[in-house]
Amino acid sequence: MVDFFQAHTALQFQDGNAIPDIHGDTPGAGSGGRSVIAAPFDARQLGRRVADIRRTMPETAFLGMPIQAGADLAAFLTVTHSLRSAAYVTQRFTRHLYQLARYGRAMHWVNGVALIGRLVRSADALAVETWTASPAKRLAIDDGRVDGVTVATRDGEVTLRARRGVVLAAGGFPHDIGRRRRYFPRTPTGREHLALPPESACGDGTALGESAGGHVSTGLASPAAWCPVSAVPYRDGRVGHFPHIIDRGKPGVIGVLADGRRFVNEAHGYYDYVAALIEAVPEDQPVESWLVCDHRFLRRYGLGIVRPVPVPFGHWIRRGYLKRGHTLEQLASHCGIDPPGLTRTVEAYNASARHGEDPEFGRGSTPYNRKQGDPAHGPNPCVAPIEKGPFYAVKVVPGSFGTFAGLVTDASARVLDANDRPIPGLYAAGTDMASIMGGFYPAGGVNLGPAMTFGYIAARHAAGLDADALTGTPSKTRDMP
Ligand SMILES: Cc1cc2nc3c(=O)[nH]c(=O)nc-3n(C[C@H](O)[C@H](O)[C@H](O)COP(=O)(O)OP(=O)(O)OC[C@H]3O[C@@H](n4cnc5c(N)ncnc54)[C@H](O)[C@@H]3O)c2cc1C
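Residues numbered from 1 in each chain as written. Predicted model: local features only at pLDDT ≥ 70, side-chain atom pairs only at ≥ 80, totals over all residues.

Q: So what's going on with the overall build of the chain? Residues and values would help.
A: For the chain, the helix and strand inventory stands at 13 helices and 19 strands. Taken against the 2.2 N^0.38 rule, which gives 23 Å for 481 residues, the C-alpha radius of gyration of the chain at 24 Å falls within 12% of a compact globule. Over its C-alpha atoms, taken along the principal directions, the chain stretches across nearly 70 × 50 × 50 Å. For the chain, the residues scored as buried account for 39% of the 481 residues in total. (Helix = DSSP H or I, 4+ residues; strand = E, 2+ residues; numbered from the N terminus. Rg over C-alpha atoms; globule rule 2.2 N^0.38 Å. Buried ≥ 20, exposed ≤ 12 C-beta atoms within 10 Å, placed from the backbone.)

Below is the structure:
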């Protein structure tokens, strides 16, 4: 798949920042990184099509500017410590301000938007027709074969006939409240979960697949790609969802429960944090935790949507997102954490943290942990004491990057019926398809890698191309102009 796109399309890849596998202590774990990332993209190449493409989530951008994992992000985090970083950030930010003034949005795209921008550029170059704001409503089924789809357009419903097949790729069901209640643990109303994908990923593809006889996998270790998330109250009343991807591994932060106890190595993967949280909170209590740090940490690394120095942060305290206490007891009572419990935990953590150790949970013990830490901090890039007030906390609850549970498919991405027979003409890819990872999260890229690969496989199968061509250079593709 990677070779195909690299050779024939505008989708070009870069090295994925050498992120090690998450469970580095498992025999055979990759320690040098195995993922790739879409190369940054100049969105001016899309012309007016730019308007069709979603912006980066405000929570993962800085003033609308997406920042790429790796060297780009590292420069922003060291802007006050290194002249080189300061020069880079100044140049990058000045260019962003110019683009905001001229185009009304960022035009230097990285991460997910770069991937989508490059895919759209490739499709446009092949004159692929794309309809936006035209949701698929029903599948056309003739004698057991899916041969079309009815979509709602501004001019009414239109039925499109498919000679080769229909591929469901509507983003799983992270925003389907009913299915969340049914499949997700510890979500009594379905609303406690803070999903990160766009709200339109609400289970349409899953329901369409079921209408043709498909079924949702129920045997996965977890129904969703867990991520610790905090709810961000904006001035206009909207509530954003912030994914805690990079702050948990930095030195000088711990995650605690309502009784003040830690429950996990916070520098492990996002999935592991939430899985441990769900396990640790007693059944009769809401599933929530707090990330706790001191002033030094807050200004050095930021916490959630609170950015590091020199970005101001007082408004996040006023809006109730960031809790502050001059002592740990005061912080605990602002959060609803047991004060003696929190004090005991921080004292015990600090006693070892002063020597760079975390005997209780082993922060810094795996290559993945250390990658998430601060390379400039020693002796352990993930461990520092939490000592000098004021102290801060952000409430963090279970959320997800999307669903793992999805339609059961075969190795050709064909949707299977209740007897595990392929439904003719129907394919699923991305999160509409049950994750091939079995509901686990072993490494970065476990969503997008399989999504791209099975989209590619589905298309080749529908086109009737040889299965063995999957690993070689495809013979029947047109080169991009
Ligand atoms: C902040 C964040 C960071 C992430 N980072 C990573 C990462 O580093 N690596 C990784 O592997 N994964 C990552 N993910 C997860 C990854 O982005 C998703 O798993 C992936 O985008 C899912 O792709 P998809 O095609 O299944 O669905 P989506 O990308 O959600 O696309 C589905 C599309 O279908 C549309 N749609 C919905 N209903 C209909 C309908 N009825 N008709 C027509 N269209 C419809 C939706 O509007 C949407 O545009 C991240 C996710 C988030 C939110």
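So much for the structure itself; the text now carries on.
Q: Break down the confidence of the model for the chain for me, citing the residues and quoting the values.
A: Model confidence for the chain is summarised by a mean pLDDT of 94, while 97% of its residues fall at 70 or above. Predicted confidence for residues 468–481 stays below pLDDT 50, and this span has 18 contacts to residues more than four positions away or in other chains. (pLDDT = per-residue confidence, 0-100. Contact = placed C-beta atoms within 7 Å.)

Q: Outline the environment of G104, listing residues and values.
A: Residue position: G104 is located in the loop between α3 (83–103) and β6 (108–109). With 40 residues separating them in the primary sequence, G104 and G64 have C-alpha atoms 9.7 Å apart.

Q: Give a detailed account of the nonpolar core, specifying residues and quantitative values.
A: Grouped together as the largest cluster of nonpolar side chains are 96 residues, with contacts concentrated most on W290, L291, V292, C293, Y427 and A429. Ranked by the residues each element gives to this core, the list is headed by helix α7 (residues 270–280), at seven residues. For this core, the two domains that each supply at least three residues are domain 2 (136–217 + 406–470) and domain 3 (225–400). When neighbours within four sequence positions are excluded, L291 is seen to be in contact with H244, D247, R248, V253, G255, L303, A393, V394 and V396. The next biggest cluster of nonpolar side chains, apart from the first, holds eleven residues, and it includes I37, F41, A43 and W109. (Core = buried A, V, L, I, M, F, W, Y, C linked by C-beta atoms within 7 Å. Domains from an automatic or database assignment.)

Q: Explain the site of the ligand to me, and be specific about the residues and the numbers.
A: The environment of the ligand is formed by 28 residues, the closest being G171, S200, D204, G430 and N447. Listing elements by their share of the shell around the ligand, those giving two or more residues are β17 (391–403) and α13 (448–462). Ranked by residues supplied to the shell around the ligand, first place goes to α13 with three residues. Two domains each donate at least three residues to the shell around the ligand, and these are domain 1 (2–125) and domain 2 (136–217 + 406–470). (Near = placed C-beta within 6 Å.)

Q: Explain the sheet that holds strand β19 (residues 422–428) to me, and be specific about the residues and the numbers.
A: The strand order across the open sheet formed by three strands is β10-β19-β18, and the pairing between neighbours is mixed. Edge positions in the open sheet fall to β10 (166–168) and β18 (414–416), since each of these has one partner strand only. Between one strand axis and the next, the sheet turns through 55° on average, direction left out of account. Note: β18 against β19, two bridges, orientation antiparallel. In the strand pairing of β19, R414 is matched with Y427. (Pairing = 2+ DSSP bridges. Axes fitted to C-alpha atoms, helices over the stretch in contact; angles between N-to-C directions.)

Q: Give a detailed account of helix α11 (residues 339–353), specifying residues and quantitative values.
A: The end-to-end C-alpha distance of α11, which contains 15 residues, comes to 21 Å, matching closely the 21 Å that a straight helix rising 1.5 Å per residue would cover. Three or more residues of α11 are buried, namely L342, T345, V346, Y349 and A353. What you see down the axis of α11 is that its buried residues fit within an arc of 95°, all on one side. Facing away from the buried side of α11 by over 90 degrees, the exposed positions are P340, E347 and A351. Residues of α11 that are buried sit in contact with β14 (253–256) and α10 (328–335). (Expected span 1.5 Å × (residues − 1). Arc of directions from axis to C-beta.)

Q: How would you explain the domain arrangement of the chain if you had to name every residue and give the values?
A: Once the domains are mapped, the chain shows domain 1 (2–125), domain 2 (136–217 + 406–470) and domain 3 (225–400). Computed from C-alpha coordinates alone, the two centres of domain 1 and domain 2 are separated by 27 Å. Here the side of domain 1 that touches domain 2 is composed, by residue class, of three nonpolar, four polar and three charged. (Nonpolar A, V, L, I, M, F, W, Y, C, P; charged D, E, K, R; others polar.)

Q: Summarise the sheet that holds strand β8 (residues 145–153); cite the residues concerned and give the values.
A: With respect to topology, three strands assemble into an open sheet ordered β7-β8-β9, the strand pairing being antiparallel. The sheet terminates laterally at β7 (136–142) and β9 (156–161), the two strands that pair on one side only. Here the strands of the sheet are splayed against their neighbours by 25° on average, with no regard to which way each runs. As paired strands, β7 and β8 are joined by six bridges and run antiparallel to one another. Counted as the bridge partner of R138 is T150 from β8.

Q: A description of the environment of N17 should follow, citing residues and the corresponding values.
A: Its place among the elements puts N17 in the loop between β1 (13–15) and β2 (36–38). You can call N17 partly exposed: it has 18 C-beta atoms within 10 Å. Measuring from C-alpha to C-alpha, the distance between N17 and S35 comes to 7.9 Å, with 18 residues separating the pair along the chain. Not counting chain neighbours up to four residues away, the residues in contact with N17 comprise G33, I37, A69 and G70.

Q: Describe helix α4 (residues 111–125), listing the residues and the values that go with them.
A: The end-to-end C-alpha separation of α4 is 22 Å, in line with the 21 Å expected for 15 residues at 1.5 Å each. Among the residues of α4, V113, A114, G117, R118, V120 and R121 are the ones counted as buried. In an axial view of α4, the angular spread of the buried residues amounts to 160°, which keeps them on one side of the axis. Next to the buried residues of α4 lie β2, β3 (41–42), β5 (65–66) and β6. A127 sits one or two residues past α4 and shows a positive phi near 60°.

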